[in-house]
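Examining the three-dimensional arrangement
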Amino acid sequence: MKPVLECGLCWINAHRLVPLEDTLELYSLTIHAAQDKLRQGEITSVELTESVLERIAVVEKKVQAYISVQQDLALQMARFADERRAAGEDNPLLGIPLAVKDAIITQGVPTTAGSAMLKNYVPPFDATAVIKLRQAGAVFVGKTNTDEFTMGSSTEYSAFHPTNNPWNLSRVPGGSSGGSAAAVAAAETLGALGTDTGGSIRQPASFCGVVGLKPTYGRVSRYGLIAHGSSLDQIGPLAKDVEDAAMLLTGLAGYDFRDSTSINAPTPDYVAEMKQGDNLKGLRIGVPKEYFVGGLEAGVETIIRAAIEQLAGLGAEIIDVSLPNTAYGIPVYYIISTAEASANLSRYDGVRYGLRRDGGDMWETFRQTRQVGFGPEVKRRIMLGTYALSAGYYDAYYLKAQQVRTLLRRDFEQAFETVDVMVSPVAPGVAFEIGSKVDNPLQMYLSDVYTVTLNLVGLCGISVPCGFWDGMPVGLQIIGPALGESAILRTAYQYEQATAWHRQKPGEL
Amino acid sequence: MAKLSLTEVETIAELAKLTLTDAEKKMFQEQLSAILDYAEMLQQVDTTGIPPTASAIPLKNVMRPDEVRLSLPTEEALANAPDADEASFRVRAVLD
């Protein structure tokens, strides 16, 4: 592993000169490369899945990306996928091994949300996203680690174990989809599902050097996603490259009558739309000036600015824009998300599912169950949300936050009048040392400054690798308007084609 | 305004149905006070006449056709219950 900070032009040349290795282990393939081999009959899904399971057996002890691995189930699904292919079926995800964040419900397979509360919970149904992947013929290898109930920025708040960043095992992978991001980075899966309430797909993607996409709110059904903040949560893909992310999104997106906030709009073929054109001429890219102020590490800023230069070199017009209410994003987010979380988590009372700790009478049973079942970050957020919603403080905190949310939305509406997409850092720094922020929740919350606003206003965003600082990956965030996934994927794809950052892999694990 | 007293922490915990240890109460008193102090910056924003946003997309009521469908079988609905009896979740008596 070497720290890399080189000029974009060198990388363009490097990329053009160095052909792709064709002697790779199967587990290291991208989804589209694996699918090509499956279609050509060069490999079977069983072989591909076995390769991934063997990789897990070798590196998982160090990375700890999974809460559970379903080896037998995965091989069974792979055999079935091979039978479907033999019967003439074809589908971009047929036979592809994938991981699912353990906050997304899978029928018959334990789903814990990273919490002791749901340690033994085996759901009797599938999330819609899971049903769609099953129908497409994907193979599920396991459930990935997450901060408890997806609350955290480092995957240290999992009740099971922390996940380690494959680039440096003493650092966090980011959170809360840190298990999914680390699994993709360590080639323990070809792709993964994550969830993003305030940046939980994009920030771990940035920290682990993979691609992570948060779709527009409502683009992917939330049915079967264990709720954190219902007006913010969104399921999305983590992948080795942009094309894989587009393939996964095409498989996941679409209207679902089971989710009353699902958007009823046709699903495009994101891969085809992403590949339109061979440069970025005519694309207007906004750079929000408020995203380049104090708190952003100098090394990260240098890398992001170099990436913006490269986008300009690809023909995009770079335009300075302003999002004047940016500074209010964090307090608005932490009031609204905790208020919604406190309401959503009221269902964990030890009656219908999950842990029960008997406390003598019914009320004491509720309290004891919740005391034992929830970890510190979940309790902290329930407390904060309960306070913000309580009589006497509702107007000062919750209502005020909802009003400022309107101003944040207007900021973006105004900016998107003059630009097609925007670019920014994903996080103020690179992956930090495990344990370094866990006792300072406010500092942990401030690391989400570039991601939370997208969730508050419902927009889509993608993190794509754009360099290294301090030996750790840095992601470039590309932000799109509502249902602007094709535009951000096209921008990310063109950038990726011109650079080789996504080809950098962690060293031996 | 934001500095929470221990009594307030206890009241919030009661509302949230959480039993906290003394150490947790003290920790949350400090941490929640710091977070709420930070959130005080929102008071600087003039929101006169600004409507609240509850959802990022315009929501309207969603109805489905009133058709009879299969629901989860009772045994599956009860499969994860900590305590069940016949077709019911079993809990301690709520009323004496």
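A brief structural summary. (Residues numbered from 1 in each chain as written. Chains lettered and ligands numbered in written order. Predicted model: local features only at pLDDT ≥ 70, side-chain atom pairs only at ≥ 80, totals over all residues. Heavy atoms only, no water.)

1. Overview of the interface of chain A and chain B
Short version of the rule: The contact rule is simple, with two residues in contact once any of their heavy atoms fall within 4.5 Å. Here's the idea: put two parts together, see how much 1.4 Å probe accessible area each one loses, and the total over both is what we call buried area. Any carboxyl oxygen of Asp or Glu within 4 Å of a side-chain nitrogen of Lys or Arg constitutes a salt bridge here. Between N or O atoms, a polar contact is any pair within 3.5 Å; within protein, one atom must be a potential hydrogen donor and the other a potential acceptor, and residues adjacent in sequence are included only when both atoms are from side chains. In this text, helices come from DSSP runs of H or I with a minimum length of four residues, and strands from runs of E with a minimum of two, each type numbered from the N-terminal end. Three classes are used: nonpolar for Ala, Val, Leu, Ile, Met, Phe, Trp, Tyr, Cys and Pro, charged for Asp, Glu, Lys and Arg, and polar for all others, with Gly counted as polar.
Taken together, the contact pairs 68 residues of chain A with 56 residues of chain B. Interface area for chain A against chain B, summed over the two sides, is near 5300 Å², with a carbon-plus-sulfur share of 66%. At the boundary of chain A and chain B, one finds 3 salt bridges. When the shortest N-O distance is used, the salt bridge between Asp358(A) and Arg92(B) registers 2.9 Å. Inspection of the chain A/chain B interface yields 24 residue pairs in polar contact (both at pLDDT 80 or more). Broken down by secondary-structure element, the contributors of at least two residues to the side of chain A that touches chain B are helix H11 (329–344), helix H12 (362–373), helix H13 (376–389), helix H14 (394–415), helix H15 (441–446) and helix H16 (452–457) of chain A. Looking at the side of chain A that touches chain B residue by residue, the class counts come to 38 nonpolar, 16 polar and 14 charged.

2. Digging into the nonpolar core
Threshold: What we call a nonpolar core is a set of buried Ala, Val, Leu, Ile, Met, Phe, Trp, Tyr and Cys residues that are connected through their side-chain atoms within 4.5 Å. Remark: exposure states derive from per-residue accessible area (1.4 Å probe, protein chains only) relative to the maximum for the residue type, with buried under 20%, exposed over 50%, and partly exposed in between.
Counting residues in each nonpolar core, the largest one holds 178 residues, and the members touching the most others are Phe149(A) and Phe412(A). Considering every element that reaches this core, the biggest residue donor is H14(A), with 9 residues.

3. A look at the packing of H13(A) against H14(A)
All names here are of chain A. Heads up, the condition is: The convention used is that axes are lines fitted to C-alpha atoms, helices contributing only their stretch in contact, and that angles between N-to-C directions extend from 0 to 180 degrees. Working rule for angles: under 35 degrees goes down as roughly parallel, over 145 as roughly antiparallel, 65 to 115 as roughly perpendicular, anything else as oblique.
H14 packs onto H13 with a crossing angle of 105° between their chain directions and a minimal axis gap of 7 Å. One way to sum up the angle between H13 and H14 is to call them roughly perpendicular. Across the interface between the two elements, Tyr387, Ala388 and Leu389 from H13 touch Tyr394, Tyr397 and Tyr398 from H14. Class assignment for the residues of the contact of H13 with H14 results in 6 nonpolar, no polar and no charged.

4. Quick word on a negative patch on the surface
The following threshold applies: Candidate patch residues must exceed 30% relative accessible area and have no salt bridge, after which like charges are joined if within 9 Å and Val, Leu, Ile, Met, Phe, Trp or Tyr side chains if within 5 Å. In this description, accessible areas are obtained by the Shrake-Rupley approach with a 1.4 Å probe, and a residue is regarded as covered only by the protein chains that are shown. For this count, His and the chain ends are skipped, Lys and Arg are scored as positive, and Asp and Glu as negative. Here the site of a charge means atom NZ of a Lys, CZ of an Arg, CG of an Asp or CD of a Glu.
Together, Glu25(A), Glu47(A), Glu50(A) and Glu54(A) make up a negatively charged patch on the protein surface. Residue placement: Glu47(A) occurs in helix H3 (residues 45–63).

5. Re helix H17 (residues 485–498) of chain A
Residue and element names in this part refer to chain A. Stated formally: Multiplying 1.5 Å by the helix residue count minus one yields the expected span of that helix.
For H17, with 14 residues, the first-to-last C-alpha span of 20 Å sits near the 20 Å given by 1.5 Å per residue. Within H17, 11 of the 14 residues are buried, which leaves the element mostly enclosed by the surrounding structure. Within the span of H17, buried status applies to Glu485, Ser486, Ile488, Leu489, Thr491, Ala492, Tyr493, Gln494, Tyr495, Glu496 and Ala498.

6. A closer look at helix H5 (residues 128–136) of chain A
What H5(A) keeps buried is the set Thr128(A), Ala129(A), Val130(A), Leu133(A) and Ala136(A). Next to the buried residues of H5(A) lie helix H4 (71–86), strand S2 (97–101), strand S3 (139–144), strand S4 (191–195), strand S6 (235–239) and helix H8 (242–252) of chain A.

7. Observations concerning the packing of aromatic side chains
All names here are of chain A. The criterion, for reference: Geometry of aromatic contacts follows a simple scheme: Phe, Tyr and Trp rings, the Trp one being its six-membered ring, pair when their centres are within 6.5 Å, and the pair is stacked under 30 degrees between planes, edge-to-face over 60, tilted otherwise.
Under the definition given, this model contains 17 aromatic pairs over all chains. A ring pair is formed by Tyr334 and Tyr445, whose centres lie 3.8 Å apart and whose planes are at 10°; its orientation type is stacked. Of this pair, Tyr334 sits in helix H11 while Tyr445 sits in helix H15, and the two are 111 residues apart along the sequence. Accessibility classification places Tyr334 together with Tyr445 in one group, the buried group. Taking 5.3 Å as the distance between ring centres and 50° as the angle between the ring planes, the aromatic pair formed by Tyr394 and Tyr398 counts as tilted. Highlighted residues: Tyr394 and Tyr398, both in helix H14, separated by 4 residues, approximately one helical turn. A relative accessible area of 14% places Tyr398 in the buried class. Linked through ring pairs, Tyr121, Phe149, Tyr348, Tyr353 and Phe374 together constitute an aromatic cluster.

8. Some remarks on the side chain of Asp411(A)
Residues and elements named next belong to chain A. The topology assignment puts Asp411 in helix H14. Lacking a salt bridge, the buried Asp411 has Arg410 as its closest oppositely charged neighbour, with an N-O distance of 8.4 Å. At 2.8 Å, the side chain of Asp411 and the backbone nitrogen of Asn325 are in polar contact. Among residues more than four places away in sequence, those in contact with Asp411 are Leu323, Pro324, Asn325 and Thr326.

9. A few points about the pairing of S6(A)
All names here are of chain A. Formally: DSSP-based pairing: two strands are paired if at least 2 bridges between them are found.
The buried fraction of S6 is high, at 5 of 5 residues. Alignment of strand S5 (residues 211–214) against S6, held across 2 bridges, turns out to be antiparallel. Pairing of Val211 across the sheet is with Ala239, part of S6.

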